[in-house]
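# Summary of structural features
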Amino acid sequence: MLDGKRTSDLIVLCQDLIRRPSVSGHEVDVARCVAGYMHFLGYDDVAVDSCGNVVGRIAFAAPGGRLLMEAQMDHVDTGDPASWSRYPYGAFVERGRIYGRGAADQKGSLAAMILAGALLKEDFGAALSGELVGAGTVQQERFEGLSSRVVGESVRPDWVILGEATDLRIARGQRGRAEIVVETRGVMAHSANPEYGINAANKMISLIAALKEQFLPPMDSFLGKGILVLTSLCSSPLPSAGAIPDRCTATFDRRLLLGETKQAVIAQIQTTVDRLAATDQTLNVDVYVSKGEERCYTGSILAGEHFAPAWVLSSDDPFLGRVRDGLRRMRLPLCVSSGPGFGTNGCHYAGTLGLPTVLFGPSRQDRVHGVDEFIEIEELLAACRGYYGIASGVLAA
């Protein structure tokens, strides 16, 4: 299904996306590029929503379900450009690879999805049913799941494929993630006479030590451990020359397993707090899930709590069977990952909405966010064939 011209078209499309810098919140140029290609390639309807997500629809002849193929348009910063051996946005083709920021995460997937949809319409427009929707989303690097919430409300898909870097393997689940904030409060005093105050940082040190000793991560045979990791520690006021801190804030990354709720996760930490408070009447602690907001390039605000539920698609789910059948028809490997993927927008589609969802895409996790990021052209072509095969099977009349 990928002759010489189609192969060339896919490579050019991928290069065009990479050459447009799109750090989270600044995706406008690449969004225009995505919308332009969808129009040019014959998508029936192309729209940009209030947050800047680009959604293209292809309606087939017979009524049926709706398959969403989604990949992010944003990427992380390049860091120091001097550490790159090539210009990060050059999209240079060398040794069978396309180099550039976002090549692996996820502009290669996005290009493959866009072209696969157009080729399906060209090859099987009258033989398929339902609707294929391709979406390029914003702000995934800053706040996973929020932009997909907007896409999900407008598209209302029946099945979802996310273009993550899975090395062309099918991933069928991920651990969830909660960003937990723990704040200790004290009383400020001069550091020459600390006995007149209550040092919030000292209280935090004791609490962190207790959590390290007492926290027992839950375990799942597929998802692994529900770990708790300290990621940030800060006291205030800053600068604090000559004064003991009256507030100290610790941020923890808590990886979630199936069924874990916000209330239960907070209660785990609160149990340790209560044990310490029983022997320390001056301990004053708040525990909560952090909130955040991000401004989109359109000016809209995405806001919510940093709590993304875990999800796993059953190994005998009919959708997973169709995905495998589609890859088999395209003579691609039928490898289902034995473990979970990393954080994705699947936390919304599968974790919150309960939709059948899989992760599938070119490249590997060890290339994501790195210096001299690249995608193998053979992987790019295989991903396009994979999306083509999966969609044709799922939407068969």
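Bear in mind that the values here come from a model prediction, so they are computed numbers and not experimental data. Residue numbers restart at each chain and count upward from 1, following the sequence in its written direction. Two thresholds apply to this predicted model, a pLDDT of at least 70 for residue-level local features and 80 or more for giving and counting side-chain atom pairs, whereas whole-chain, interface and lining totals are computed over all residues. No hydrogens and no water enter the side-chain calculation; it runs on all heavy atoms of the structure.

## Structural notes on the sheet that holds strand S4 (residues 93–94)
The cut-off we apply is this: Here the rule is simple: two strands pair whenever DSSP picks up at least two bridges between them. Strands here mean DSSP runs of E at least two residues long; helices mean DSSP runs of H or I at least four residues long; both are numbered from the N terminus. Contact criterion: two residues are considered in contact whenever any of their non-hydrogen atoms come within 4.5 Å of each other. With axes taken as lines fitted to C-alpha atoms, and helix axes fitted only over the stretch in contact, angles between N-to-C directions fall between 0 and 180 degrees.
Ordered in space as S4-S5-S20, the three strands form an open sheet in which the pairing is antiparallel. Only two strands of the sheet have a single partner each, and these edge strands are S4 and strand S20 (374–376). Relative to S20, strand S5 (residues 97–99) runs antiparallel, the two sharing three bridges. Bridge pairing in S20 places Arg97 opposite Glu376. Most of the contacts of helix H9 (residues 377–394) go to S20, to which it runs at about 70°, and overall it touches S4, S5 and S20.

## Remarks on helix H4 (residues 146–155)
Let me state the cut-off plainly: Exposure is judged per residue with a 1.4 Å probe applied to protein chains only, and the accessible area is read against the type maximum: over 50% gives exposed, under 20% gives buried, and values in between give partly exposed.
H4 sits mainly inside the fold: seven of its ten residues count as buried. Every buried residue of H4 is listed here: Leu146, Ser147, Ser148, Val150, Val151, Gly152 and Val155. Packed against the buried residues of H4 are strand S2 (54–59), strand S3 (62–72), strand S6 (129–137), strand S16 (301–305) and helix H8 (346–352). In the stretch just after H4, Arg156 is the one whose phi turns positive, near 50°.

## Some remarks on helix H5 (residues 200–214)
Cut-off, in case you're wondering: What a helix should span is 1.5 Å times the count of its residues minus one. A 3.5 Å cut-off defines polar contacts: any pair of N or O atoms within that distance qualifies, except that in protein one atom must be a possible hydrogen donor and the other a possible acceptor, and neighbouring residues in sequence count only when both atoms are side-chain atoms.
In this model, H5 (15 residues) spans 21 Å end to end at C-alpha, consistent with the 21 Å of a helix rising 1.5 Å per residue. Restricting attention to buried positions, one finds in H5 the residues Ala200, Ala201, Lys203, Met204, Leu207, Ile208, Ala210 and Leu211. The secondary structure elements touched by the buried residues of H5 are strand S9 (176–185), strand S12 (228–236), strand S13 (247–256), helix H6 (262–277) and strand S14 (285–289). Residue Asn199 occupies the N-cap position of H5, its side-chain oxygen lying 2.9 Å from the main-chain nitrogen of Ala201.

## So, the pairing of S2
Buried residues dominate S2, accounting for five of its six residues. As paired strands, strand S1 (residues 45–48) and S2 are joined by four bridges and run antiparallel to one another. Counterpart to Asp45 in the pairing with S2 is Arg57. Count of turn residues in the S1/S2 antiparallel hairpin: five residues, of which Gly52 carries a positive phi of about 100°. Bridge analysis of S2 against S6 gives six bridges, and the strand direction is antiparallel. Directly across from Ile58, in S6, lies its bridge partner Leu132.

## A short note on the pattern of salt bridges
When charged atoms on two side chains of opposite charge get close, those side chains can pair. Definition in use: Put simply, a salt bridge is a Lys or Arg side-chain nitrogen that is within 4 Å of an Asp or Glu carboxyl oxygen.
A complete count under the given rule lists 22 salt bridges for this structure. For the salt bridge of Glu376 with Arg97, the shortest nitrogen-to-oxygen distance reads 3.1 Å. In this pair, Glu376 sits in strand S20 while Arg97 sits in strand S5, placing the two residues 279 residues apart along the sequence. A residue is classified by how much of its surface remains accessible, and Arg97, at 21% relative accessible area, is partly exposed. In this structure, Glu305 and Lys262 form a salt bridge, with 3.1 Å as the shortest nitrogen-oxygen distance.

## Description of the nonpolar core
Note the cut-off: We define a nonpolar core as any set of buried Ala, Val, Leu, Ile, Met, Phe, Trp, Tyr and Cys residues linked to one another through side-chain atoms lying within 4.5 Å.
Leu67, Ile98, Ile161, Phe319 and Tyr387 are the most contacted members of the largest nonpolar core, which has 71 residues in total. Each residue touching Ile161, except ones within four places of it in the same chain, is listed here: Leu67, Leu68, Met69, Glu70, Met113, Phe319, Val358, Phe360, Tyr387 and Ile390. Core analysis: the second largest hydrophobic core is formed by 23 residues, Val182, Ala201, Met204 and Leu228 among them.

## Things to note about the sheet that holds S1
The strand order S1-S2-S6-S3-S7-S19 describes an open sheet built from six strands, whose pairing is mixed. The open sheet has two edge strands, S1 and strand S19 (357–359), and neither has a second partner. Pairwise comparison of adjacent strand axes, ignoring direction, gives a mean angle of 15° for this sheet. Sheet topology note: the strand S7 (residues 159–162)/S19 ladder contains three bridges and is parallel. In the strand pairing of S19, Val160 is matched with Thr357. Sheet strands in contact with helix H2 (residues 28–40) are S1, S2 and S6, and its direction is about 15° off that of S2.

## Some words on the state of the cysteines
Formally: Any pair of cysteine sulfurs within 2.5 Å is marked as a disulfide.
According to the stated counting rule, one finds zero disulfides in the structure shown. Not engaged in a disulfide, the cysteine Cys296 finds its nearest cysteine sulfur in Cys51; these two sulfurs lie 4.2 Å apart. Judged by relative accessible area, Cys296 falls into the buried class, the value being 4%.

## Brief notes about the environment of Tyr349
Tracing the sequence through the fold places Tyr349 in helix H8. With sequence-adjacent residues up to four places away left out, Tyr349 is seen in contact with Leu68, Glu70, Ser148, Val151, Gly152, Val160, Leu162, Gly354, Leu355 and Thr357.

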